[in-house]
Amino acid sequence: MALVKAGVVVLDCAEPEKLAEFYRELLEGERTAASANLVEVRGADGVRLAFRRDVNATPPSWPRPENSLQVHLDFLVEDLDEAERRVVGLGGRPTETRDAAGPYEERGYADPAGHSFTLRLLPPTAPKQG
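Reading the values: the criteria
Residues numbered from 1 in each chain as written. Predicted model: local features only at pLDDT ≥ 70, side-chain atom pairs only at ≥ 80, totals over all residues. Heavy atoms only, no water. Helix = DSSP H or I, 4+ residues; strand = E, 2+ residues; numbered from the N terminus. Contact = heavy atoms within 4.5 Å. Areas by Shrake-Rupley, 256 points an atom, 1.4 Å probe, with all protein chains shown as cover. Patch = residues over 30% accessible without salt bridge, like charges linked within 9 Å, V, L, I, M, F, W, Y side chains within 5 Å. Salt bridge = Lys/Arg side-chain N within 4 Å of Asp/Glu carboxyl O. Lys, Arg positive; Asp, Glu negative; His and termini not counted. Charge placed at Lys NZ, Arg CZ, Asp CG, Glu CD. Buried < 20%, exposed > 50% of the residue type's maximum accessible area, 1.4 Å probe, protein only. Arc of directions from axis to C-beta. Polar contact = N/O pair within 3.5 Å; in protein donor to acceptor, adjacent residues only side chain to side chain.

**Student:** Go over the overall build of the protein with me, naming the residues and quoting the values.
**Tutor:** Counting secondary structure elements, the protein contains two helices and eight strands. Along the chain direction, N to C, the helices and strands of the protein fall in the order β-α-β-β-β-β-α-β-β-β. Pairs at least 24 apart in sequence give 52% of the contacts found in the protein among residues at least 6 apart. As displayed, the protein has an accessible area near 8,500 Å², and 51% of this comes from carbon and sulfur atoms.

Written out as structure tokens, the structure reads:
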């Protein structure tokens, strides 16, 4: 029997209720737990995120070196343009304005508290040939 039952990524922020709502909407999930200093959500696909109150939290400054990247989240999507509209509509902002070069298309964003994340296009799954 596994000792660890589940993992949860926890982001520090000044307003966990607001940030949890951003990710709950983005992930089309549900709020699964809440206390005075922590709110947890589970996305429709099972990903678990929690948001811990830290009144002194400062947003990461990635890609600048001061207060640089503290955590980075990747979300796989089928349509980058549609996902971007959803992120911006929920209060997120683009941090990279062009698609990354390479085999995977991706775009960078910051959530309302300044944490960075990437929307990455699901690789196409073509039927096997021959």
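**Student:** Go over a negative patch on the surface, please, and point to the residues and values.
**Tutor:** On the surface, a cluster of negative charge is contributed by E28, E78, D79 and E82. On the secondary structure map, D79 appears in the loop between β5 (73-77) and α2 (80-89). Residue D79 is classed as partly exposed on the basis of its relative accessible area, which comes to 36%.

**Student:** Which residues make up α2, and what are the values?
**Tutor:** All of the buried residues along α2 are L80, A83 and V87. The arc that holds every buried residue of α2, seen down its axis, measures 65 degrees, which confines them to one face. Seen from the buried face of α2, the exposed residues on the opposite side, beyond 90 degrees, are R85 and G89. Looking at the buried residues of α2, the elements they touch are α1 (16-26), β5, β6 (93-94), β7 (106-110) and β8 (116-121). Put simply, D79 is the residue that caps the front of α2, since its side-chain oxygen is 3.0 Å from the backbone nitrogen of D81. G91 sits one or two residues past α2 and shows a positive phi near 110 degrees.

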